[in-house]
Amino acid sequence: MSDLRDLYQEVILDHNRRPRNFGPLEAPTASADGRNPLCGDEMTVRLRVEDGRIVEARFEGQGCAISKASASMMTEAVTGKPVDEARALFKKFQDLVTGKSEEDDAEERLGKLAVFSGVREFPARVKCAVLAWHTLKAALDRPGAIISTEDPSGA
Ligand code: ZN
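All residue numbers here refer to positions counted from 1 along the written sequence of the relevant chain. Given that the model is predicted, a residue must reach a pLDDT of at least 70 before its local features are reported, and side-chain atom pairs must reach 80 or more before they are shown or counted; all residues, however, enter totals for whole chains, interfaces and linings. Think of the side-chain values as coming from all heavy atoms in the structure, minus any hydrogens and water.

Visitor: Describe in detail the pattern of salt bridges, supporting the description with residues and values.
Guide: Each salt bridge in this description consists of a side-chain nitrogen of Lys or Arg and a carboxyl oxygen of Asp or Glu lying within 4 Å of one another. Counted under the stated rule, the structure contains eleven salt bridges. A salt bridge links Asp14 to Arg18; the nearest nitrogen and oxygen atoms lie 2.9 Å apart. In this structure, the salt-bridge partner of Asp141 is Lys137, at a minimum N-O distance of 3.1 Å. One end of the pair, Asp141, and the other, Lys137, are both in helix α5 (residues 123–141), four residues apart, so they sit about a helical turn from each other. Think of it in three bands: residues with accessible area under 20% of the maximum for their type are buried, residues over 50% are exposed, and the middle band is partly exposed, with areas taken using a 1.4 Å probe on protein chains only. For Asp141, a relative accessible area of 36% puts it in the partly exposed group. Judged by its relative accessible area of 33%, Lys137 is partly exposed. The network of salt bridges with common partners includes Asp14, Arg18 and Arg20. Secondary structure elements follow DSSP: runs of H or I of four or more residues count as helices, runs of E of two or more count as strands, with numbering from the N terminus.

Following this line, the structure appears as structure tokens:
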């Protein structure tokens, strides 16, 4: 797991510096806003869903390095995926960062996203890491919603 830990720093820094899929999306079919008041992270996730598949995912906003890197990697991970798979990935990611699933085979289940297993040691940052995923889920379930990590019904 020490390899994953080293990679964690590296990947977060890289995605924070050069976030992928950052910026507006023309003609989205769904979007939602996410807030993490504990840290001050705010983001908008916009999707273009066609025939049950996420063909484009982009985000905009401001926040800490972890929230930004997580959003960047979330958009990469779900682009091209059927909506059902994206939902399943959200659950796997949440289980990983909240410590509900083992780290040992995380890479098999989550690919590159497994680097976020490092977050479980910093409970205050878990909400930063899952914000993009909660916002994605809101865009799929309740387009136009504004969700907050501090509102259990919203997040
Ligand atoms: Zn944050």
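On we go.
Visitor: Before we move on, could you go through the nonpolar core and cite the residues and values that matter?
Guide: Within soluble globular proteins, side chains that are nonpolar generally end up buried alongside one another. What is meant by a nonpolar core is a set of buried Ala, Val, Leu, Ile, Met, Phe, Trp, Tyr and Cys residues, joined one to another through side-chain atoms within 4.5 Å. Membership of the largest hydrophobic core comes to 45 residues, with the highest contact counts inside it found for Ile54, Phe93, Phe116 and Trp133. Among the elements of the structure, α1 (2–17), β2 (41–50), β3 (53–62), α2 (65–78), α3 (83–97), α4 (106–110) and α5 are those that each provide at least two residues to this core. The contact partners of Phe93, leaving out residues within four places of it in the chain, are Ser70, Leu110, Leu113, Phe116, Ala129, Val130 and Trp133. Residues are treated as being in contact if the distance between any of their heavy atoms lies within 4.5 Å.

Visitor: Explain the coordination of the zinc ion residue by residue, including any values.
Guide: A donor here means an N, O or S atom no more than 2.8 Å from the metal, or no more than 3.2 Å when the metal is Na, K or Ca. Since water is not included, a site may seem to lack partners. Those donors, Cys39 (SG), Asp41 (OD), Asp41 (OD), Cys64 (SG) and Cys128 (SG), are the protein atoms that reach the zinc ion, and they lie 2.2 to 2.7 Å from it. Taken in chain order, the donor set of the zinc ion reads C-x1-D-x22-C-x63-C.

Visitor: Just give me the short version of the side chain of Ser67, but keep the residues and values in it.
Guide: Tracing the backbone through its elements, the reader meets Ser67 in helix α2. On the basis of relative accessibility, which here comes to 1%, the residue Ser67 falls in the buried class. Polar contact is defined as a pair of N or O atoms within 3.5 Å, subject to the rule that within protein one atom must be able to donate a hydrogen and the other to accept it, and that residues adjacent in sequence are counted only when both atoms are side-chain atoms. At a separation of 3.4 Å, a polar atom in the side chain of Ser67 contacts the side chain of Asp41. Among the polar contacts listed, one links the side chain of Ser67 to the backbone oxygen of Cys64, at a separation of 3.0 Å. Leaving out residues up to four positions away in the same chain, Ser67 has contacts with Asp41, Met43 and Cys128.

Visitor: Please give an account of a negative patch on the surface that cites residues and values.
Guide: Each patch is built from residues lacking any salt bridge and having more than 30% relative accessible area; the joining distance is 9 Å for like charges and 5 Å for nonpolar side chains (Val, Leu, Ile, Met, Phe, Trp, Tyr). Per-residue accessibility takes into account occlusion by the displayed protein chains alone, with areas from the Shrake-Rupley method and a 1.4 Å probe. Charge counting treats Lys and Arg as positive and Asp and Glu as negative, with His and both chain ends excluded. Charged groups are reduced to one reference atom each: NZ for lysine, CZ for arginine, CG for aspartic acid, CD for glutamic acid. A contiguous patch of negative charge on the surface is contributed by Asp3, Asp6, Glu10, Glu107 and Glu108. When residues of the negative patch are traced back to their parent elements, those giving at least two are α1 and α4. Relative to the elements of secondary structure, Glu107 occurs in helix α4.

Visitor: Go over the sheet that holds β3 with me, naming the residues and quoting the values.
Guide: Here the rule is simple: two strands pair whenever DSSP picks up at least two bridges between them. If you walk across this open sheet you meet the four strands as β3-β2-β1-β4, and the pairing is mixed. Edge positions in the sheet fall to β3 and β4 (146–148), since each of these pairs with one other strand and no more. For this sheet, the mean inter-axis angle between neighbouring strands, taken without regard to orientation, is 20 degrees. Where strand β1 (residues 30–36) and β4 come together, three bridges link them in parallel fashion. When the bridges of β4 are listed, Arg35 appears paired with Ser148. To obtain each axis, a line is fitted to C-alpha atoms, and for helices this fit is confined to the stretch in contact; angles are then taken between N-to-C directions over 0 to 180 degrees. Against the sheet, α5 engages β1, β2, β3 and β4, with an angle of about 40 degrees to β2.

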